[in-house]
Amino acid sequence: MNINFDHVSFTRKQKTILHDISFQLEGPKIVGLLGRNGAGKTTLLSILTAFQKASSGTVTLNNENTFENEHAVEQMIFVRDQNFEYETEKVSDYLETYAKFRPNFDHDYAKRLLKQFRVSNDLEVAKLSKGMASAMQVVIGLASRAPVTIFDEAYLGMDAPARDLFYKEVLNDFMEHPRLIILSTHLISEMETLFEEVLIIKNGRLFTHEDKEVFQQRGYRITGEEQSVNEFSKDKTIVATQQLGPTKSVMIYGSFTDDDQRCLTDLNLERSFVSLQDLFIHLTEEENEDDE
Amino acid sequence: MRPTLDDTRPIYLQIREMIEDEIIEGRLLEETQAPSTNQLVAFYKINPATILKGINQLVDAGILYKKRGVGMFVAAGSKQQLLAKRKEHFLREYVEPMHKEAERLSISEDELHSLVFKRGGNPNEH
Amino acid sequence: MTSKQSLAIRTQTKEYASWSLWYLSIYLLIYIGINVVTYFTQGEITWTFIEGSFSATTVFMLIVGLLSMGGFLNHYLSTGLTRRIYFRSVLFSGILVTIGIVIFTILLSLLIHGVLLATGWDQLYSERIIDNQSMLPSIVEALSYAASILLFFLIGWSISFGFYKHWVQGALYIALGVAITMITSHPLFESILPIYFTLFFIGFYVFLLHRGTRTLDVRP
């Protein structure tokens, strides 16, 4: 599986939602698509899955354009928050409308998962609670076994045990049926261990696309005496600062060299690791402040 | 196995250390099978690639080796190797700083010796 | 035609067919009910099955068309199909259901007429029915009937297509639909082979919807 975005922009009603986005995803892999609300995550995914057409640039799946390409779109499933207000079908019948067009759909697996999520087959879809409806969609997404499986904030309304089950099943099914799974979210702390790669969108632009661990290690925290911290961080990108009396702690985004290590020891400073969530929050905040 | 991972260090390192601990503490014997990637994925809910990264480091270090079609096994002599490595680490991370700090506090060698073996008892105790 | 395309047409047709069966059953009950009432009040059957079905079916097909846009298009894309497959499926299913309804209506008319003949109740037909021989339609009438209900289906579809893009476009398509309905049913045109007008407008709508849905943005 190879997804390629080449200089993709998306403009509607004189408003540019995505600016010149280029990246390549190579599967099988689990990729986290991160961004704050309104950053353009859903738009990006809807262009990939051909719900909308890019205003410029090209989007390909295995070197074929995806828009109106029967062969490309049948390989992708886009699970997202949908309105089921008027869906009077029973859960089992609704699943069937999907299964029909998904050649790899695993009915037994779907049944088993529904049971685990405690979604009754005989209920009317419109009468499902938000969490149940999300669970049903997650089941469709997983059981369809599409080579490109996309979950866009698929956990909405799910309680903690259901979300836990969702994460567990994503990993299980990924190992049994390796494919490209894209998980779009702004709830990072719960999901960060699932990702192998991260794709971060900020204000409609691609902020970064890299291996999760590599990205995460670009961020670190330096703690110690204020002057030493200032000395160490003077040429570095500081994304967050905290102070407690004479002790200062800064979060730095950038590489950490051997020279930095020596400097650190000399200045008697402490270096610690930051979570993906912390790094993400501060990196996206920083940009917002610049904008203002 | 450690029940949870923390988010203060890279996860693959924690996976690696967790397996090392199992070996050092004798819960994972040499020439027995190490937990599989699948088991670790299911247990910690972590991406398999992250787990492989930790395991591959252990393979590179000669702690684990792969038996084709069976899985990962603990190499003979790995416990000794790990103990040596950890001792070195202990010296660097605990003993040396302790000596430094003792010097700063003008603690004599004898005093330090008795402190260490009293396991933190207070010397000023009446 | 790909296998997914034909599966999509079959699925869509099944959906429309189930709506149509509901509609026809209700229409049949109403037809029987009204004739029972007119029999007791006026002592005769004043209305044939085929006559009444024309206006009722056009309204039904208008509604089928109105319901054929957003939800279906979204569902097609969600199941990994294209707009092209959606467009063809809705169009072909619309045509198939039109033909089905016309055949079904004629068969039911025949059946009802047969029952009336067998029971001798055909004596109850009103003078107007007997004079016009309107118990059963002619081939031309059946064809123009089919074309008209297909046109109404396309008008309904175009209106929901308009609203899908913007409410102003929706309003414009309503106006266009009303104008075309007036033209095709105007007595002036009815006398000069109305079926050509109807066919022309069918072609126009097919072209318009084909162009319109080709690159349409779908809210995910």
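This report concerns the structure included in the present document. A quick note: this is a predicted structure, and the numbers were derived from the prediction, not measured.

Examining the interface of chain C and chain A
Many authors give the size of an interface as the accessible area that is lost as the parts come together.
Reasoning step 1: Taken together, the 22 residues of chain C in the interface contact 25 residues of chain A.
Reasoning step 2: Across the chain C/chain A interface, buried area totals approximately 2100 Å², and carbon plus sulfur atoms make up 53% of it.
Reasoning step 3: When the shortest N-O distance is used, the salt bridge between arginine 83 of chain C and glutamate 68 of chain A registers 3.2 Å.
Reasoning step 4: Applying the counting criterion to the chain C and chain A interface returns 14 residue pairs in polar contact (both at pLDDT 80 or more).
Reasoning step 5: Within the residue set of the side of chain C that touches chain A, elements represented by two or more residues are helix H1 (3-42), helix H3 (70-78) and helix H4 (83-119) of chain C.
Reasoning step 6: Of the residues in the side of chain C that touches chain A, the class split is 8 nonpolar, 9 polar and 5 charged.

Points about the side chain of asparagine 2 of chain A
Residue and element names in this part refer to chain A.
Reasoning step 1: Tracing the chain through its elements places asparagine 2 in strand S1 (residues 2-12).
Reasoning step 2: Within polar-contact distance, the side chain of asparagine 2 engages the side chain of glutamate 26 at 3.2 Å.
Reasoning step 3: Apart from the residues within four sequence positions on either side, asparagine 2 is in contact with Gln24, Leu25, Glu26, Thr60, Leu61 and Asn62.

Observations regarding the pattern of salt bridges
Reasoning step 1: Overall, the coordinates contain 24 salt bridges over all chains when judged by the stated rule.
Reasoning step 2: Between lysine 29 of chain A and glutamate 197 of chain A there is a salt bridge; the shortest N-O distance is 2.6 Å. Placement of the pair is lysine 29 of chain A in strand S3 (residues 29-34) and glutamate 197 of chain A in strand S9 (residues 197-202), with a sequence separation of 168 residues. Glutamate 197 of chain A carries the same exposure label as lysine 29 of chain A, and that label is buried.
Reasoning step 3: Two residues, lysine 236 of chain A and aspartate 260 of chain A, come together in a salt bridge whose shortest N-O distance is 3.0 Å. Linking lysine 236 of chain A in the loop between helix H9 (226-232) and strand S12 (237-244) with aspartate 260 of chain A in helix H10 (residues 258-266), this pair joins segments that are 24 residues apart in sequence.
Reasoning step 4: Among the residues examined, lysine 236 of chain A registers a relative accessible area of 24% and is labelled partly exposed.
Reasoning step 5: Here aspartate 260 of chain A falls in the buried class, since its relative accessible area comes to 9%.
Reasoning step 6: Salt bridges sharing partners connect three or more residues here, namely Arg16, Glu20, Asp21, Lys85 and Arg86 of chain B.

Structural notes on the packing of helix H3 (residues 91-99) of chain A against helix H4 (residues 107-116) of chain A
When two helices pack together, their arrangement is given by the angle between their axes and by how far apart the axes lie.
Residues and elements named next belong to chain A.
Reasoning step 1: Interaxial distance between H3 and H4 falls to 12 Å at its minimum, and their mutual angle equals 145°. As H3 packs across H4, the resulting crossing turns out to be right-handed. Contacts between H3 and H4 involve Val91, Leu95, Glu96 and Ala99 from the former and His107, Ala110 and Leu114 from the latter.
Reasoning step 2: Here the residues of the contact of H3 with H4 sort into 5 nonpolar, 1 polar and 1 charged.

Some remarks on helix H2 (residues 37-44) of chain B
All names here are of chain B.
Reasoning step 1: Taken as a whole, H2 has its buried residues at Leu40, Val41 and Tyr44. Seen end-on, H2 carries its buried residues on one side only, within an arc spanning 100°.
Reasoning step 2: Lysine 45 sits one or two positions beyond H2 and adopts a positive phi of about 55°.

Comments concerning the arrangement of the chains
Reasoning step 1: In this assembly, 2 pairs of chains are in contact, and the pair contributing the most contacts is chains A and C.
Reasoning step 2: Structurally, chain B and chain C remain out of contact, their C-alpha atoms never closer than 27 Å.

Rules used throughout
- Residues numbered from 1 in each chain as written.
- Chains lettered and ligands numbered in written order.
- Predicted model: local features only at pLDDT ≥ 70, side-chain atom pairs only at ≥ 80, totals over all residues.
- Heavy atoms only, no water.
- Contact = heavy atoms within 4.5 Å.
- Buried area = accessible area lost by both parts, 1.4 Å probe.
- Salt bridge = Lys/Arg side-chain N within 4 Å of Asp/Glu carboxyl O.
- Polar contact = N/O pair within 3.5 Å; in protein donor to acceptor, adjacent residues only side chain to side chain.
- Helix = DSSP H or I, 4+ residues; strand = E, 2+ residues; numbered from the N terminus.
- Nonpolar A, V, L, I, M, F, W, Y, C, P; charged D, E, K, R; others polar.
- Buried < 20%, exposed > 50% of the residue type's maximum accessible area, 1.4 Å probe, protein only.
- Axes fitted to C-alpha atoms, helices over the stretch in contact; angles between N-to-C directions.
- Left-handed = near helix turned anticlockwise from the far one by under 90°.
- Arc of directions from axis to C-beta.

Structural measurements only, silent on function.
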